[in-house]
Every structure is written in structure tokens, then in C-alpha cells.
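A look at the structure
Read off the chains here:
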Amino acid sequence: MTALTQLPVTLDDIVQARQLLGSVIEQTPIEQSRALGRMVGSDVFFKCENLQRAGSFKVRGAYVRMARLTAEERARGVVAASAGNHAQGVAVAAARLGIKARIYMPLGVALPKLAATRGHGAEVVLHGHNVDEALAEAQRYAQESGAVFVHPFDNADIIAGQGTIGLEILEQIPAVDTIVMGVGGGGLLAGVATAVKAKARELGREIKVIGVQAENAAAYPPSLAADALVPLKKVSTMADGIAVGRPGQLPFAIIRELVDDVVTVSEDALARALIFLLERAKLVVEPAGAVGVAALMEGVIENPGTTAVILSGGNIDPMLMLKVIQRGLFASGRFMSVRMMLDDRPGSLAQISRIIAESDANVTRVDHTRIGGSISMGDVAITIDIETKGHEHCELVLRNLRAEGFQPVVVH
């Protein structure tokens, strides 16, 4: 392992960053999850950065980066690009430091994130159809105008700021064995790993640091396997906060030396984790902030011991939350949508309703149509949304429908 003092960011950098942050940020609370602890078989705690200023950890790194600008650089202003959390972090830091901020956000960005960024006083320019296009335009504007570009993760000051979370966790949970968090570009994971591994070495003990990515936006596993940055051709995940197709150069240099593992989780696992956090922890968390919980629930982290999971943000668009809740209920077997054909005669729908009711399930919506290219004369197509009680209950409902001659097809 490379000497910790030879890495791009050191423990001293993170300690200094914490002094800079002072009263600017909140020391977010730690909440124990007994329900998740029972699943895992050990104590599990949540580090609630979803309750941080601007709704995520991003303000930490943004403020440290901008607080270290010279007077001449501050006069030129800053520019950034983001779909949400980094944008709000930069906007909050700029307002605190009296710096003009211009932030590029992609067209179609969630309205709550757009409104929040503007509400913090930043100038917002909508450009491009994704973060990469907005990022390219922000960099072009920086070169043209002289504004200082504030990268979301590939910067030593940004990494040091994010690493302050690691120091807080060690103070709040001294006996922690494993720290789990989401990873996109890698700034958070690199910063926390630097702080935690250095402190663990001082204490003469081992603390595991594990990153989690959405499986459809997982650039780190192939990059670590190749020991080189491997960009993804396509990124597709509900976890927009970690939807990054290429690791950052500086974070990667740290992560490959210090991080114990980077694992992945499916979209369905993410949806189930969000439902769990809402129902059992009473916490609103965005998908990127819930990947660590998903990893524990899916059992992809073995023998974690006393575990801290960083809930990195809570900025979720209500429309996305609606879709995620529905997907999470479906993935948990608590919601099922079925489509079937039946004879267009009185009593057919009543018969189906009876079977569902006798199966102790509840109909929440019915779509009934006689028109369509695949519908024969004398037939009708129906789609029924059903509230169920788990996967076994779903199978019971389907068996009972088939037993009376119907052919239900589950609609995903």
C-alpha cells in the first residue's frame, strides 16, 4: 500500500478542511437502525447527510474549495455543472463567501433542484440533455470568462472537504468496523477512506471502507480491475447523484490504494432500500444516498460488523419518488399489475374481482378496453393493479385466477 502521506489528499488536509468548515455545516446526526441491524446480524447506524445544509454532503467540499480561492479568483466568480446536489452545495458556499456563481444544469432537471439552486442565489443556465453536456459547457465558459471551475469531485480540496464526514463518524461511532457509502466520481469515497484509514492506523485497528455503485452506472469495478480509468459507454440509473460514467483521476488514485471493495446493486434493490428508509427509518433519502442500505439488504457485504452507512443526500424529486415507491412495492411483492383477456359478457369482471377478493388482495385500479390491434371481436382486455402482501401472495392470486380459466400476465 502506498504511504498515506504520498496520496493526493492526506489526513492533515482533511483536519484543516474541518477547521475551515467551522460553523458553515451541520454535524449531522447518527441514527441506529435496529431493523436493518437484525437483517445484517450486527449494529447498523445511518450517518444522515440527507439532513445536511442544501440536502447533501456536497456543501462540505464546495465550501473548502471556494474558501481557499484568492481574492483575485473570487472576483472572477465560479462556475459549476450539476444535476442537483453539487449545484446546491456550490450555491450555498458562494452565498456564504460572497462569490458570484454561475451553474449549468441539464435541460429537464428536476424542478425542486432547479428552484433550490436559484433560491440560494446562484445564476442557473440550462444547457444540454445530461450532466456531461452541461459540464463541457461550464468548462468552456470558464476558459472564456476566467471564472474558476469548481469540479464536483476531481479536486484535492473537494475530496478533503468530503473527508470530514469520516472524522465525524469515528467520533460518533468509535467502535465502527465498516463504513459504507455510494460512489459516483469518487470524491466522497476517497475523502472518507483517507480520513478513516489514517485514523485507524493511528489506533492500530482495521476499519473497512466500501463503496457502492448502481450496477448500470458502475465505472469503478472495471477501472479497478484494469488499474486504469475505464469510461462507460452508457449510464442508466435512478440514482442520478452517482450517475457518473468515468471515475475522477484524483479519487481513483486514492480509492485503488485504500478502499477495501466497490460493490454494485440493482435498480430493484435501490427501490426496496428507499421504501425501507421511508417506512422503517422515517427518512427521506434520494436513490444515490440509499445504495449503501441496498447493499446491506441484499447481503453483498459480508461480515460487516458494526456498520455506518452514509446517507449522502435527500434531494429527491417528488415525481421520481412516486415512481420509485411503485417500483419498490413491485420489487417487494407488495404491488402487482396483471393484464388478461376475457369474454366481453356481463359478469366476467365481477368474477375476476371475486377471485381477487377471496385471495385477500385488493384492487387499486382497473383499465378496461375493447379496442386494440390484438383484441378480437367479442373480447376485452383488462389491466388490474393489485395490492398484495409479498411474492408468495402474488403467486397465490395468479394461481387462483388460472384455476378458473383466466390467463393473467404480470406487467412490469
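See above for the structure.
What counts, and where the lines are drawn
Residues numbered from 1 in each chain as written. Predicted model: local features only at pLDDT ≥ 70, side-chain atom pairs only at ≥ 80, totals over all residues. Heavy atoms only, no water. Pairing = 2+ DSSP bridges. Helix = DSSP H or I, 4+ residues; strand = E, 2+ residues; numbered from the N terminus. Contact = heavy atoms within 4.5 Å. Axes fitted to C-alpha atoms, helices over the stretch in contact; angles between N-to-C directions. Core = buried A, V, L, I, M, F, W, Y, C linked by side-chain atoms within 4.5 Å. Buried < 20%, exposed > 50% of the residue type's maximum accessible area, 1.4 Å probe, protein only. Right-handed = clockwise from strand over helix to strand, strands pointing away. Parallel < 35°, antiparallel > 145°, perpendicular 65-115°, else oblique. Salt bridge = Lys/Arg side-chain N within 4 Å of Asp/Glu carboxyl O. Expected span 1.5 Å × (residues − 1). Phe/Tyr/Trp six-rings, centres within 6.5 Å; stacked < 30°, edge-to-face > 60°. Lys NZ or Arg CZ within 6 Å of the ring centre and 35° of its normal. Polar contact = N/O pair within 3.5 Å; in protein donor to acceptor, adjacent residues only side chain to side chain. Patch = residues over 30% accessible without salt bridge, like charges linked within 9 Å, V, L, I, M, F, W, Y side chains within 5 Å. Areas by Shrake-Rupley, 256 points an atom, 1.4 Å probe, with all protein chains shown as cover.

Here the focus is the sheet that holds strand β3 (residues 78–81). Spatially, four strands are ordered β5-β4-β3-β6 in an open sheet, and the strand pairing comes out parallel. Edge positions in the sheet fall to β5 (123–126) and β6 (148–149), since each of these pairs with one other strand and no more. As defined by bridge partners, strand β4 (residues 101–105) adjoins β5 across four bridges and the pair is classed as parallel. The partner of R102 across the bridge, within β5, is E123. Packed on one face of the sheet, helix α5 (residues 85–97) meets β3 and β4 and runs near 170 degrees to β4.

Ranked by internal contacts, the top residues of the largest apolar core, which has 71 residues, are M66, V78, V90 and I179. Broken down by element, this core gets its largest block of residues, nine residues, from helix α9 (residues 187–203). If we ignore the near neighbours within four places in the chain, the residues touching V90 are A62, M66, V78, A80, A101, I103 and V150. The next biggest cluster of nonpolar side chains, apart from the first, holds 34 residues, and it includes A35, A214, A273 and L274.

Moving on to the pairing of strand β7 (residues 178–182). β7 sits mainly inside the fold: five of its five residues count as buried. Judged by which residues are buried, β7 turns out to be covered on both faces: T178, V180 and G182 on one side and I179 and M181 on the other are all buried. Running through α9, the crossover from β7 to the neighbouring parallel element strand β8 (residues 208–214) is right-handed. Summarising the sheet, β7 and strand β10 (residues 307–311) pair through three bridges and their orientation is parallel.

Our next topic: the packing of helix α12 (residues 267–280) against helix α13 (residues 287–298). The geometry of α12 relative to α13 is characterised by a closest axis approach of 8 Å and an angle of 100 degrees between their N-to-C directions. Considering the angle they form, α12 stands roughly perpendicular to α13. Only P287, A290, V291, V293, A294, M297 and E298 of α13 make contact with α12, whose side of the interface consists of A269, L270, R272, A273, L274, F276 and L277.

On to the pattern of salt bridges, then. This structure, assessed with the given rule, holds 22 salt bridges. Salt-bridge contacts for E171 lead to R18; the nearest nitrogen and oxygen are separated by 2.7 Å. Highlighted residues: E171 in helix α8 (residues 156–172) and R18 in helix α1 (residues 11–21), separated in sequence by 153 residues. Among the residues examined, R18 registers a relative accessible area of 27% and is labelled partly exposed. Taken together, the salt bridges that share partners define one network made up of K47, E49, R60 and E168.

Strand order in this open sheet of six strands is β1-β2-β10-β7-β8-β9, and the pairing throughout is mixed. A single partner strand is all that each edge strand has here, and the edge strands are β1 (30–32) and β9 (261–265). Ignoring which end each strand starts from, the neighbouring axes of this sheet average 25 degrees apart. Those strands touched by α8 are β1, β2 (44–48), β7 and β10, and its axis lies near 135 degrees from that of β2. Each of β2, β8, β9 and β10 touches α12; the most contacted strand, β9, lies at about 90 degrees to it.

As a further point, take α9. Between its first and last C-alpha atoms α9 spans 24 Å; for 17 residues at 1.5 Å apiece the expected length is 24 Å, and the two agree. Of the residues trailing α9, G204 is marked for its positive phi of about 70 degrees.

With that out of the way, let us pick up the packing of aromatic side chains. Inspection of the entire model under this criterion finds two aromatic pairs. Where Y104 meets Y141, the ring centres are 6.1 Å apart and the plane angle is 55 degrees; that geometry is what we call tilted. One end of the pair, Y104, is in strand β4; the other, Y141, is in helix α7 (residues 131–145), and 37 residues separate them in sequence. Take Y104 and Y141: they sit in the same class, and that class is buried. Positioned over the ring face of Y141 is R102, at 4.3 Å from the centre of the ring.

Moving on, we come to the pairing of β3. If a strand is regular, its side chains alternate between the two faces of the sheet. Because side chains alternate across β3, one face comprises the buried residues V78 and A80, and the other comprises V79 and A81, equally buried. Bridge count for β3 against β4 is four bridges, and the pairing is parallel. Looking across to β4, one finds that A80 is bridged to I103. A crossover connection joins β3 to the parallel β4 through α5; in handedness this β-α-β unit is right-handed. For β3 and β6, the ladder comprises two bridges, and the chain directions are parallel. Among the inter-strand pairings, V79 is bridged to a residue of β6, identified as F149.

So, about the environment of K389. Examined against the element boundaries, K389 turns out to sit in the loop between β13 (379–387) and α16 (391–403). K389 sits in the exposed class, given a relative accessible area of 57%. The residues touching K389, leaving out its near neighbours within four places in the chain, are G333 and D360. Here the side chain of K389 touches D360 through a polar contact of 2.5 Å, side chain to side chain.

Attention now goes to a nonpolar patch on the surface. Together, L349, V363 and V366 give the surface a local cluster of nonpolar side chains, amounting to about 190 Å² of exposed area. Mapped onto the secondary structure, V363 falls in strand β12 (residues 362–369). By relative accessible area, V363 is classed as partly exposed at 32%.

Turning our attention to the side chain of S56. On the secondary structure map, S56 appears in the loop between β2 and α3 (58–67). From its side chain, S56 meets the backbone nitrogen of K58 in a polar contact 3.1 Å long. Beyond its immediate stretch of four places on either side in the chain, S56 contacts E49, N85, S312, G313 and N315.

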